[in-house]
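Structural description and commentary
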Amino acid sequence: MRIVDPLRTRNDELRAEVHESFLKECRGAVASIRQTMQAIAKNPTDVARLQELHNQVHSLAGDASITRLPTVTRIVSVFDALLKQLVEKPDSMTQSVRRTVAQSVDLLHILFEGDGQDVDLATARALVVDDQQIALRSVMNALEKANLKSQALSDPSAALSVAQEWEFDLIVLDHSMPGMTGAELCTKLRSLPNYKKTPILFVTSATGFEHRAEICRSGATDVIAKPFLATELGLKALTLIVKSKIA
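Residues numbered from 1 in each chain as written. Predicted model: local features only at pLDDT ≥ 70, side-chain atom pairs only at ≥ 80, totals over all residues. Heavy atoms only, no water.

1. As for the sheet that holds strand β4 (residues 200-204)
Under the convention used in this document: When DSSP locates at least two bridges between a pair of strands, those strands are taken to pair. To qualify as a helix, a DSSP run of H or I must reach at least 4 residues; to qualify as a strand, a run of E must reach at least 2; elements of each kind are numbered from the N terminus. Angles shown run from 0 to 180 degrees and are taken between the N-to-C directions of axes, each axis being a line fitted to C-alpha atoms and, for helices, limited to the stretch in contact.
The parallel open sheet is built from five strands, whose spatial order is β2-β1-β3-β4-β5. The open sheet has two edge strands with one neighbour each: β2 (149-153) and β5 (222-225). Sheet twist, expressed as the average angle between the axes of neighbouring strands with direction ignored, equals 20°. Direction of pairing for strand β1 (residues 125-129) relative to strand β3 (residues 170-173): parallel, over a ladder of four bridges.

If you want it as structure tokens, here you go:
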């Protein structure tokens, strides 16, 4: 005969009630964040709105830590750090950054729907390919700050071989590299069964129309221009990985 501990049962019920209560608060906070983001989209130079957005996300970061959704908490924490930088230097709010912020807000809306979703990123790994060592270290540092494991290679041909041997959750590429461009590497990766839907992010200074068109045709998921904010890259990486896992 199974003996039920009434105290333990009640504690479990209380934890569930607290969890649901905080989830409800988080849903409301995300709805407000979306409204503020829409206002910023109409007037990107509105510093007061940007400060309001930071305050809202900072508050959400505190609530998210209680929801027992560790990946969501990580996303909100990096989001908070990015917005803090933007408030201090509003000129850093480029079109790329606005796109990253909007994508993250949309993802949070999805994650807080229903009973709240979370994605296990304990084993998530990124492959970073750039022939410039300084850029390579900068990307690796940004991913590390977002608590993402990564492997770095400067040779695109070697990267293609490694990608066939190991499966990665995110590929980060430069465009202009000797022997094989990032776009050529991206096309080859997309031909592999395991990388048909894997997010492939270009971090490059080759952002002219022709280069962007080539990158788009190769099957890239998104582009960030160099120089970049480490917090933007970290947030973008988390957003792309989580989105790909819940799609």
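2. Things to note about the packing of helix α2 (residues 47-64) against helix α3 (residues 70-88)
Here is the rule we go by: The scheme is simple: roughly parallel for angles under 35 degrees, roughly antiparallel for over 145, roughly perpendicular for 65 to 115, oblique for anything else. Rotating anticlockwise by less than a right angle from the far helix to the near helix defines a left-handed crossing, while the corresponding clockwise rotation defines a right-handed one. Residue contacts are defined here by distance: any two heavy atoms, one from each residue, within 4.5 Å place the two residues in contact. We call Asp, Glu, Lys and Arg charged. Ala, Val, Leu, Ile, Met, Phe, Trp, Tyr, Cys and Pro are nonpolar, and the rest, Gly among them, are polar.
Interhelical geometry of α2 versus α3 gives an angle of 155° and a closest axis separation of 9 Å. Comparing the axis directions of α2 and α3 gives the class roughly antiparallel. Crossing hand, α2 versus α3: left-handed. For the pair α2 and α3, the contacting residues are Leu50, Gln51, Leu53, His54, Val57, His58, Leu60, Ala61 and Ala64 in the first and Thr73, Val76, Phe79, Asp80, Leu83, Lys84, Leu86 and Val87 in the second. Taken together, the residues of the contact of α2 with α3 break down into 11 nonpolar, four polar and two charged.

3. Observations regarding the pattern of salt bridges
Stated precisely, the cut-off is as follows: Between Lys or Arg on one side and Asp or Glu on the other, a salt bridge is scored when a side-chain nitrogen of the former is within 4 Å of a carboxyl oxygen of the latter. Think of it in three bands: with a 1.4 Å probe and only protein chains considered, a residue is buried below 20% of the maximum accessible area for its type, exposed above 50%, and partly exposed in between.
Under the defined criterion, the tally for this structure stands at eight salt bridges. Note that Asp130 is salt-bridged to Lys226, the shortest N-O span being 2.8 Å. One end of the pair, Asp130, is in the loop between β1 and α5 (133-145); the other, Lys226, is in the loop between β5 and α9 (230-246), with 96 residues separating them in the sequence. Judged by its relative accessible area of 2%, Asp130 falls in the buried class. The residue Lys245 makes a salt bridge to Asp169 at a minimum N-O spacing of 2.9 Å. Here Lys245, found in helix α9, pairs with Asp169, found in the loop between α6 (156-165) and β3; they are 76 residues apart in sequence, far enough to count as distant. Residue classification places Asp169 among the buried positions, given a relative accessible area of 19%. A cluster of three or more residues bridged by salt bridges with shared partners is formed by Arg99, Asp222 and Lys236.

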